[in-house]
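# A look at the structure
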Amino acid sequence: TPDQFFRSYLLGFMYWFGIALGSMAILMIHHIAGGAWGAVIRRLLESSIGTIPLLAVLFVPIALGVHHLYEWSHADVVAHDAVLQAKAPYLNVPFFLARAVFYFVVWVLVASLLRRWSLEQDRDGDPKVTLRMELMSRGGLVIYGLTVTFAVVDWVMSLQPHWFSTVYGLLLMAGQGLAAFAFSIPVAVMLSRREAVARYFGAAQFHDLGNMMLAFTMIWAYLAFSQLIIIWSGNLPEETSWYLLRSEGGWKIVGYGLLVLGFAGPFAILLSRRLKRTGTKLAIVALWVLLMRFVDLYWLVAPSFHPANALPHWLDFTAVVGIGGVWMWYFVGRLAQNPVLAIKDPSLPEVEA
């Protein structure tokens, strides 16, 4: 079933892609704002963005499966659709692939510079290197926002090429940031058991990370609600079709499940100060948030292919696990190459205090 393979593969790819690119955004926010919360997970974030070259290779099956995924890639379909004809200068296979190459070149360049300067900072703690990473991050966040917006429009929103939303890029970026925190927290809890670095992972640091995950949960929910309420109040056929597809049958249940289990539950739990100061309990909540990130992506992607059937295909699970296994192997390799902590990070002394 090649059609189902490429559909499931896209879902799995976007899941791990979101963690890596979300880590890039969080890392740059730390370089700009500072804070002990970022210092303790900085190497985790750098290892995550170090997987972007791997993601570029893992994108190849999507490039090969364009005709199995996107209806705008079929000339016979475009020939009988006035809307697709109007969008053809942008939505065409050569330009689609060229944009993907451009995105990955930009992301690899930004990630490489941040990782290289980070190791340079470790050697001598030169304030000029710290300033260089801050300046890079200021422009890098703008670059991240633009490239990720275009990427998710290309790879996910164009699955339904008649539909559009100006909030879509921000919504996916908020989900990426949430996924990055939800991934980093359990790994940080595991690393905190090492005697050599345990003193840096205190209750205050986990409390801050829990607050950040709570903040991104609220941002994601706010943007999702904003998109819904704007489209609902506008009530335009070319906009409402996306929600109508996801408000029928089993997809309606998935949507309400995301509202309760993806937002309300984590939001209520993460209000607890005591829980956020306990690494193990916070890690359990983070793992649940990671599961909900997969459900959210499934709700975004799968209805475009299976409007009447909300039950996942077995390939949906094997794709995310298979791609995740390769991604985790590469991530651990990058993490093992350098010290667990960025020892010359100016924010690190705050952790010791």
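A brief report on the enclosed structure follows.

The rules behind these values
Residues numbered from 1 in each chain as written. Predicted model: local features only at pLDDT ≥ 70, side-chain atom pairs only at ≥ 80, totals over all residues. Heavy atoms only, no water. Helix = DSSP H or I, 4+ residues; strand = E, 2+ residues; numbered from the N terminus. Rg over C-alpha atoms; globule rule 2.2 N^0.38 Å. Buried < 20%, exposed > 50% of the residue type's maximum accessible area, 1.4 Å probe, protein only. Contact = heavy atoms within 4.5 Å. Areas by Shrake-Rupley, 256 points an atom, 1.4 Å probe, with all protein chains shown as cover. Lys, Arg positive; Asp, Glu negative; His and termini not counted. Charge placed at Lys NZ, Arg CZ, Asp CG, Glu CD. Core = buried A, V, L, I, M, F, W, Y, C linked by side-chain atoms within 4.5 Å. Salt bridge = Lys/Arg side-chain N within 4 Å of Asp/Glu carboxyl O. Axes fitted to C-alpha atoms, helices over the stretch in contact; angles between N-to-C directions. Parallel < 35°, antiparallel > 145°, perpendicular 65-115°, else oblique. Left-handed = near helix turned anticlockwise from the far one by under 90°. Nonpolar A, V, L, I, M, F, W, Y, C, P; charged D, E, K, R; others polar. Patch = residues over 30% accessible without salt bridge, like charges linked within 9 Å, V, L, I, M, F, W, Y side chains within 5 Å. Expected span 1.5 Å × (residues − 1).

## Let's talk about the overall build of the protein chain
From N to C terminus, the protein chain includes 17 helices and 0 strands. For a compact globule of 353 residues, the expected C-alpha radius of gyration is about 20 Å, and the protein chain comes in at 21 Å, within 12% of that figure. Within the protein chain, buried positions represent 55% of all 353 residues. Taking contacts inside the protein chain between residues at least 6 apart in sequence as the whole, the part at least 24 apart equals 82%. Counting every atom, the protein chain has about 15500 Å² of accessible surface; 70% of that belongs to carbon and sulfur. Computing the positive centroid from 24 side-chain charges and the negative centroid from 21, the protein chain places the two 9 Å apart.

## Some details on unusual backbone geometry
Phi at N235 is positive, roughly 55 degrees, even though this residue is not glycine. By the element assignment, N235 lies in the loop between α11 (203-234) and α12 (237-245).

## So, the environment of P186
Mapping P186 onto the fold places it in helix α10 (residues 168-191). Assessed through its relative accessible area of 12%, P186 is described here as buried. Along the primary structure P186 and A286 are separated by 100 residues, whereas in three dimensions their C-alpha atoms are 6.9 Å apart. When near neighbours in sequence (up to four residues on either side) are disregarded, P186 contacts A283, A286 and L287.

## Points about the environment of P161
Within the fold, P161 resides in the loop between α9 (127-155) and α10. Here the alpha-carbon distance between P161 and R334, two residues 173 residues apart in the chain, equals 38 Å.

## Here's the deal with the nonpolar core
Burial of nonpolar side chains together is a common tendency in soluble globular proteins. Core analysis: the largest hydrophobic core is formed by 113 residues, its most contacted members being F13, Y70, W107, W155 and M213. The greatest single-element share of this core, amounting to 17 residues, is contributed by helix α1 (residues 2-33). Other than its neighbours up to four places away in sequence, Y70 contacts L10, I62, F96, D154, W155, S158 and L159. L171, A174, A221 and L223 belong to the second largest nonpolar core, which has 6 residues in total.

## Considering the pattern of salt bridges
Under the counting rule described, the total for this entry stands at 8 salt bridges. Taking the shortest distance from any N to any O, the salt bridge between R43 and E46 comes out at 2.7 Å. Of this pair, R43 and E46 both sit in helix α2 (residues 36-49), 3 residues apart, roughly one helical turn. Classification of E46 by relative accessible area gives buried; the value is 3%. Residues E120 and R132 are paired through a salt bridge, measuring 3.6 Å at the closest nitrogen-oxygen approach. Residue E120 is located in helix α8 (residues 93-124), and its partner R132 is located in helix α9; the two are separated by 12 residues in the primary sequence. Connected through shared salt-bridge partners, R42, R43, E46, D122 and D345 make up one network.

## Considerations on the packing of α1 against helix α16 (residues 314-336)
Relative to each other, α1 and α16 sit at 40 degrees, their axes nearing to 8 Å. Considering their axes alone, α1 and α16 lie oblique with respect to each other. Judged by the twist between their axes, the crossing of α1 over α16 is right-handed. Contacts between α1 and α16 involve Q4, F5, S8, Y9, L11, G12, F13, Y15, W16, I19 and A20 from the former and L315, D316, A319, V320, I323, G324, W327 and M328 from the latter. Looking at side-chain class alone, the contact of α1 with α16 contains 14 nonpolar, 4 polar and 1 charged residues.

## Description of a nonpolar patch on the surface
A contiguous nonpolar patch, built from Y256, L259, V260, L261, W288 and L291 and spanning about 590 Å² of accessible area, is present on the exposed surface. Where the nonpolar patch is concerned, the elements lending two or more residues are α13 (249-269) and α15 (279-301). If one sorts the elements of the nonpolar patch by residue count, α13 sits on top with 4 residues. Looking at the secondary structure, you find L259 in helix α13. When its relative accessible area of 48% is taken as the criterion, L259 is described as partly exposed.

## Things to note about α11
Counted at 1.5 Å a residue, the expected span for α11 with its 32 residues is 46 Å, and the 46 Å between its end C-alpha atoms agrees. Phi for N235, located one or two positions after α11, is positive at around 55 degrees.

## Thoughts on the packing of α1 against α2
Taken N-terminus to C-terminus, the directions of α1 and α2 make an angle of 140 degrees; their axes are 9 Å apart at the nearest point. Taken together, the axes of α1 and α2 lie oblique to each other. Considering only the axes of α1 and α2, their crossing is left-handed. Between α1 and α2, the contacting residues are A20, S23, M24, I26, L27, I29, H30 and H31 on the first element and W37, G38, A39, R42, L45, E46, S48 and I49 on the second. The class makeup of the residues in the contact of α1 with α2 is 9 nonpolar, 5 polar and 2 charged.

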